[in-house]
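The chain contents come next:
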Amino acid sequence: MAQQHHALSSQESYNPNHLLDILLGKMQLKNDAALSRMLEVAPPVISKIRHHRLPVGASLLIRMHEVTGMSIRDLRDLMGDRRTKYRLSDAQGRPKPEEKAAQAAAAAAAQQQPQQQQQQSSNENQSSSSGNYAH
């Protein structure tokens, strides 16, 4: 099976092992299994990060911050992530065609609803003003 590397691993300075080793020392943990328990992730996650098969994601960085009290910037510096900006691709965040159609249908339905309510209230006003009262 071919090993897949993520985009961040192409940076020469990227070394998540350094970050993980620092966390082991700071938290006085014996091994990666203890670290995975501390971070509340499955042990294979730590292994995949060490072998550059999985990047350190945002949620894991936040968890590391919560557990250690270190800033996100410091954690990223420790693993060699020197990027200053994150950019989303054009495809990310854009609704899928079927979602776009559903949103358009919902907007149209929401627009028609007030019009129908206005028609109902004007019909009720006309019938109440017609003077048809039982005596």
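In short, a report on the structure. (Residues numbered from 1 in each chain as written. Predicted model: local features only at pLDDT ≥ 70, side-chain atom pairs only at ≥ 80, totals over all residues. Heavy atoms only, no water.)

## Brief notes about the overall build of the protein
No. 1: Helix and strand counts for the protein come out as six helices and zero strands.
No. 2: Counting helices and strands in the order they occur from the N terminus, the protein gives α-α-α-α-α-α.
No. 3: Burial status across the protein gives 21% buried among its 135 residues.
No. 4: Within the protein, contacts between residues at least 6 apart in sequence are counted, and of these 55% link residues at least 24 apart.
No. 5: Counting only carbon and sulfur atoms, one obtains 51% of the accessible surface of the protein, whose full area is about 10,000 Å². (Helix = DSSP H or I, 4+ residues; strand = E, 2+ residues; numbered from the N terminus. Buried < 20%, exposed > 50% of the residue type's maximum accessible area, 1.4 Å probe, protein only. Contact = heavy atoms within 4.5 Å. Areas by Shrake-Rupley, 256 points an atom, 1.4 Å probe, with all protein chains shown as cover.)

## What to know about the nonpolar core
Buried together is how nonpolar side chains tend to be arranged in soluble globular proteins.
No. 1: Ranked by internal contacts, the top residues of the largest apolar core, which has 18 residues, are Leu23, Leu35, Val56, Met64 and Leu75.
No. 2: Mapped by element, the contributors of at least two residues to this core are α1 (16-26), α2 (32-39), α3 (43-50) and α4 (58-68). (Core = buried A, V, L, I, M, F, W, Y, C linked by side-chain atoms within 4.5 Å.)

## A closer look at the packing of α2 against α3
No. 1: Between α2 and α3, the shortest axis-to-axis distance is 8 Å and the interhelical angle comes to 115°. Seen along the crossing, α2 lies across α3 with a hand that is right-handed. Here α2 contributes Asp32, Leu35, Ser36 and Leu39 to the contact with α3, which in turn contributes Pro43, Ile46 and Arg50.
No. 2: Residues belonging to the contact of α2 with α3 are distributed by class as follows: four nonpolar, one polar and two charged. (Axes fitted to C-alpha atoms, helices over the stretch in contact; angles between N-to-C directions. Left-handed = near helix turned anticlockwise from the far one by under 90°. Nonpolar A, V, L, I, M, F, W, Y, C, P; charged D, E, K, R; others polar.)

## Observations regarding α3
Since one α-helical turn is 3.6 residues long, residues separated by three or four positions face the same way.
No. 1: Inspection of α3 places Ile46, Ile49 and Arg50 among the buried residues, and these make up the whole buried set. The buried side chains of α3 occupy one side of the element, clustering within an arc of 100° when seen end-on.
No. 2: At its buried positions, α3 is contacted by α1, α2 and α4.
No. 3: Remark: histidine 52 follows α3 within two positions and exhibits a positive phi of approximately 60°. (Arc of directions from axis to C-beta.)

## Some details on α1
No. 1: Where α1 is concerned, the buried positions are Pro16, Leu19, Leu20, Leu23 and Leu24. Projection of α1 onto a plane perpendicular to its axis shows the buried side chains occupying an angular sector of 140°, all on one side.
No. 2: Each element contacted by the buried residues of α1 is listed here: α2, α3, α4 and α5 (72-78).
No. 3: Sitting at the amino-terminal end of α1 is asparagine 15, which places a side-chain oxygen 3.2 Å from the backbone nitrogen of asparagine 17.
No. 4: One or two steps after α1, the chain reaches glutamine 28, where phi turns positive at roughly 55°. (Polar contact = N/O pair within 3.5 Å; in protein donor to acceptor, adjacent residues only side chain to side chain.)

## Quick look at unusual backbone geometry
No. 1: Of note, glutamine 28 is a non-glycine position whose phi angle comes to about 55°, a positive value.
No. 2: Summarising the element assignment, glutamine 28 is placed in the loop between α1 and α2.
No. 3: Relative accessible area serves as the criterion here: at 71%, glutamine 28 is assigned to the exposed category.

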